[in-house]
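# Descriptive structure summary
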Amino acid sequence: MQFMLLFSRQGKLRLQKWYVPLSDKEKKKITRELVQTVLARKPKMCSFLEWRDLKIVYKRYASLYFCCAIEDQDNELITLEIIHRYVELLDKYFGSVCELDIIFNFEKAYFILDEFLLGGEAQETSKKNVLKAIEQADLEKDSYNQRFVAENVRLSIL
Amino acid sequence: MLIVCWSPVMVEVWNGPGDKKTVEGPSRMPAPIRLRELIRTIRTARTQAEEREMIQKECAAIRSSFREEDNTYRCRNVAKLLYMHMLGYPAHFGQLECLKLIASQKFTDKRIGYLGAMLLLDERQDVHLLMTNCIKNDLNHSTQYVQGLALCTLGCMGSSEMCRDLAGEVEKLLKTSNSYLRKKAALCAVHVIRKVPELMEMFLPATKNLLSEKNHGVLHTSVVLLTEMCERSPDMLAHFRKLVPQLVRILKNLIMSGYSPEHDVSGISDPFLQVRILRLLRILGKGDDDSSEAMNDILAQVATNTETSKNVGNAILYETVLTIMDIKSESGLRVLAINILGRFLLNNDKNIRYVALTSLLKTVQTDHNAVQRHRSTIVDCLKDLDVSIKRRAMELSFALVNGNNIRGMMKELLYFLDSCDPEFKADCASGVFLAAEKYAPSKRWHIDTIMRVLTTAGSYVRDDSVPNLIQLITNSVEMHAYTVQRLYKALLDDISQQPLVQVASWCIGEYGDLLVSGQCEEEEPIQVTEDEVLDVLEGLLVSNLSTPVTRGYALTAIMKLSTRFTSVNRIKKVVSIYGSSIDVELQQRAVEYNALFKKYDHMRPALLERMPIMEKTASNGPTEIVQTNGEAEPSVVEAKHPPPVTQPTNQANDLLDLLGGNDVVPVIQTTVPTKPASAGGELLDLLGDLSLSGGPAPAPATSVPSSQPAFLLDGLTSPPLFNDIAAAGIPPMTAYNKNGLKIDFTFERANPNPNIAVITIHASNSTEADMTDFVFQAAVPKTFQLQLLSPSSNVVPTLNQGTVTQVIRVLNPQKQQLRMRIKLTYTHKGSAVQDLAEVNNFPPQSWQ
């Protein structure tokens, strides 16, 4: 996968993950053009389109478009499954995920994506394992800070 | 709620896990607002301006917070910055802060820091290199989640330098028993290999027992890694072929094993892994009989047992089909695969139909008969609503046309042409012409089909079709009367479609006598007078709808009729009027024709006689003529391709003097066959036909894909032609000498036209590695024209062991000083090199 974009029906970007090096300007240009192209598609059209020299796979979930750019040798149908898996992960994590969750917790959406995909490929095919890793990592930060706080409490009492 | 007061200054308020506020005590600045707070605030903005104001205010606060080197809130501030960056606002001032976060000991800091690095930094900035050390440390961190962050970041955006520095660490982690890290290391290694292919070797030992892992994550990423290595190196590919049995076994287990909740997707066990294994098998089995045989059974099994009701099953079937078609599978298996695709075509899910058409397009050459069986379904897809499906169906339909089904198929395709979107029309028209040419059951049918295309999609027909059609018509001798009659009638209806008008004008010019004589066998001959015909042609000349090119055709057609019609005076008048036309092209022609009337009238009949049959070139595909487009200020140059002309009878050489000096000779001129038959003359014609007539040929509409227009230049690529041309004794020169690549220019004068300089480039390589994929391009200023022939090869061998030669022909009618801009691209030692250079040191004799 070269990149993944999440955007709303009004074209507002909610998440952008780039797996190829491009300048900010180029990214903005690509995003703008691609968003326009996808939003112009009619509902009856298929989920794949050719754009520049890439294959674009997109799917709409409620108010969010999930859009991936894959290479020639990549399997479009399985990419749809990848997108679906990501949505399932978000759903499990946030509990019936909606666009607002991703807006207000975008950094978490990234963390989840980074536990599922790495360098554009799936690193873990078990839903359970991805969620477990995220939970643990979340705890990691908590326990760390908890420890930090607790120690300081003890000190102050003394 | 828990309030913890752990210093006189800081008070922490807990509302539950993850929801923590740190509030400053009385004596400091207020704490920066929380991320969610900011998001909420920004979303209340009602206008873009309001939003911008809020953002600017917050950015200012964040900037001063950064300046104060505040460790506590850096994480929060960077997170806010990332949000604002996603909205499209600049966030570069946060780059260094990300690095500080990465270096922090707190996990939360690192998490946001790495995220920020991945979003804000890219390998173009030097700043990102500062990450290298942090990442190195974190790769060895005691906490696996920190290691994970480092691996993820490196695998996502690591530059070549970083990859080189850290490859060793990645390799180490690839051998760990911790599957959480191992799987990430594998994908990180893939990225390293993509960035620095030479490092591939070092990962080889670690791959030894990757496939014996039980963990699916590791298995999946390992297969990805193996795939990458096999794709990049034939040696690796040969080495890993021995894994085929193991891969087959793993795949078998996935299919045969019962329900596994952890990896199940709609009843299928780990489809992601299945698909990747199938893809790797494809690469390993390609071209190898033994491997292909070893995987035959499992492929058959997958193909027959996979559930097709859901997308996930079809995804696996799709990959299976691709594999079957690519390896050396037995014919039964191939038929099975094509049938799967045939079933896909009938699936309600348009996505499935789409991939089916794509796959069929790939296999139609090799398994033509099998695909033919599904022809009617494919043709039905022409009526699909989806644009991508229609396009594929169209391409596939053309691929399936053969002598047996031509009539039926053409009916469908012409119907499609009538009703399809403009973006398809050009391709469809070209496809129809090609198919008609190959399989036309009769000449009449052929002409009719062409007429149909010209009249329905006339304006979308590619410019290169015009010469092709003209040639076709010329060669269908018995149809001339019919053709010209039909074209004439079409003109009466509509003169807006330029390709149609051009072909029609040309035909009327050639066969106008047949038109007025009323001889037509094929259909009812029409009664038309010479004056009526001339009216139509003159109408083209004055119409606003006609392009300059079309006007050229019309004028020439009128001229030709002077030997076929009796009303010569009328023609003389028209021709002399255009002698003062503003259009330089028309003016030139008119002046020349006038000269024909006045001074060379004895030659006129011979000059304007009927065109001989033109022989077709061997293939209709593109010859190797490379055309270069000038960059920025040098001119746009293209080789306009005249019809192939084998040299017919010799004519007087003095005609050459009359017309040879003027290189602005339009493409379809009767003067073409009258040039001397010498090789040099042939070149002259064709070069002369690189005219400015009609201005630069308009580029095909942007919807047209990248297929090359068919070039029909004959005999141009054969080197012996140049032996006839006497070298004019111009000294050679070195045009470029850098990084071991040296390019010399040697000169010849193309006899007899002194305006053409023939330059041969000699590229040599003094380094110790070959330069592969060598492409030489050149551009010249507007007053010149340039033609680049195909190179002798595109590998410049190492250590001056050989040279790549390529011929450039430069037309310099205005005798201006020759300048050239050249662009060189090649691959050297694994990396792509590109360079631009100006060449200004041409010896004066080359252009004077």
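Residues numbered from 1 in each chain as written. Chains lettered and ligands numbered in written order. Predicted model: local features only at pLDDT ≥ 70, side-chain atom pairs only at ≥ 80, totals over all residues. Heavy atoms only, no water.

Assigned secondary structure in chain B consists of 33 helices and 13 strands. For chain B, the proportion of its 848 residues judged to be buried stands at 56%. Total accessible area on chain B stands at roughly 35700 Å², and carbon and sulfur atoms take up 52% of it. (Helix = DSSP H or I, 4+ residues; strand = E, 2+ residues; numbered from the N terminus. Buried < 20%, exposed > 50% of the residue type's maximum accessible area, 1.4 Å probe, protein only. Areas by Shrake-Rupley, 256 points an atom, 1.4 Å probe, with all protein chains shown as cover.)

Before going further, it helps to examine the confidence of the model for chain A. Per-residue pLDDT for chain A has a mean of 89; in total, 89% of the residues score no lower than 70. Taken as a whole, residues 145-158 of chain A scores under 50 in pLDDT and shows ten contacts with residues more than four places along the chain or in a different chain. (pLDDT = per-residue confidence, 0-100. Contact = heavy atoms within 4.5 Å.)

Residues and elements named next belong to chain B. Inspection of every chain in the model, using the stated rule, returns 56 salt bridges over all chains. Put simply, Lys286 and Asp326 hold a salt bridge, and the shortest N to O gap is 3.6 Å. Of the two residues, Lys286 is situated in the loop between helix H13 (271-285) and helix H14 (289-305) and Asp326 in helix H15 (residues 311-326); the sequence distance between them amounts to 40 residues. Lys286 gets classed as partly exposed once you look at its relative accessible area, which sits at 46%. We classify Asp326 as partly exposed; its relative accessible area is 34%. Between Arg444 and Asp448 there is a salt bridge; the shortest N-O distance is 3.3 Å. (Salt bridge = Lys/Arg side-chain N within 4 Å of Asp/Glu carboxyl O.)

Below, the discussion takes up the packing of aromatic side chains. Using the criterion set out here, one finds 15 aromatic pairs over all chains in the structure. Both rings, one in Phe106 of chain A and one in Tyr110 of chain A, keep their centres 6.5 Å apart while their planes meet at 85°; by these two values the pair is edge-to-face. Of the two residues, Phe106 of chain A and Tyr110 of chain A both sit in helix H4 (residues 106-116), four residues apart, roughly one turn of that helix. When sorted by exposure, Phe106 of chain A lands in the same class as Tyr110 of chain A, which is buried. Pairing Phe106 of chain A with Tyr83 of chain B gives two aromatic rings, centres 5.8 Å apart and planes at 40°, and the pair type is tilted. One end of the pair, Phe106 of chain A, is in helix H4; the other, Tyr83 of chain B, is in helix H3 (residues 71-86), on a second chain. With respect to burial, Phe106 of chain A and Tyr83 of chain B carry one shared label: buried. (Phe/Tyr/Trp six-rings, centres within 6.5 Å; stacked < 30°, edge-to-face > 60°.)

Here we take up the interface of chain B and chain A. In this assembly, 78 residues from chain B lie in contact with 71 residues from chain A. Between chain B and chain A the total buried area reaches about 6600 Å² when both faces are included, carbon and sulfur atoms providing 57% of it. Counting every contact that joins chain B to chain A gives ten salt bridges. Note that Lys184 of chain B and Glu115 of chain A form a salt bridge whose closest N and O atoms lie 3.2 Å from each other. The tally of links from chain B across to chain A stands at 24 residue pairs in polar contact (both at pLDDT 80 or more). (Buried area = accessible area lost by both parts, 1.4 Å probe. Polar contact = N/O pair within 3.5 Å; in protein donor to acceptor, adjacent residues only side chain to side chain.)

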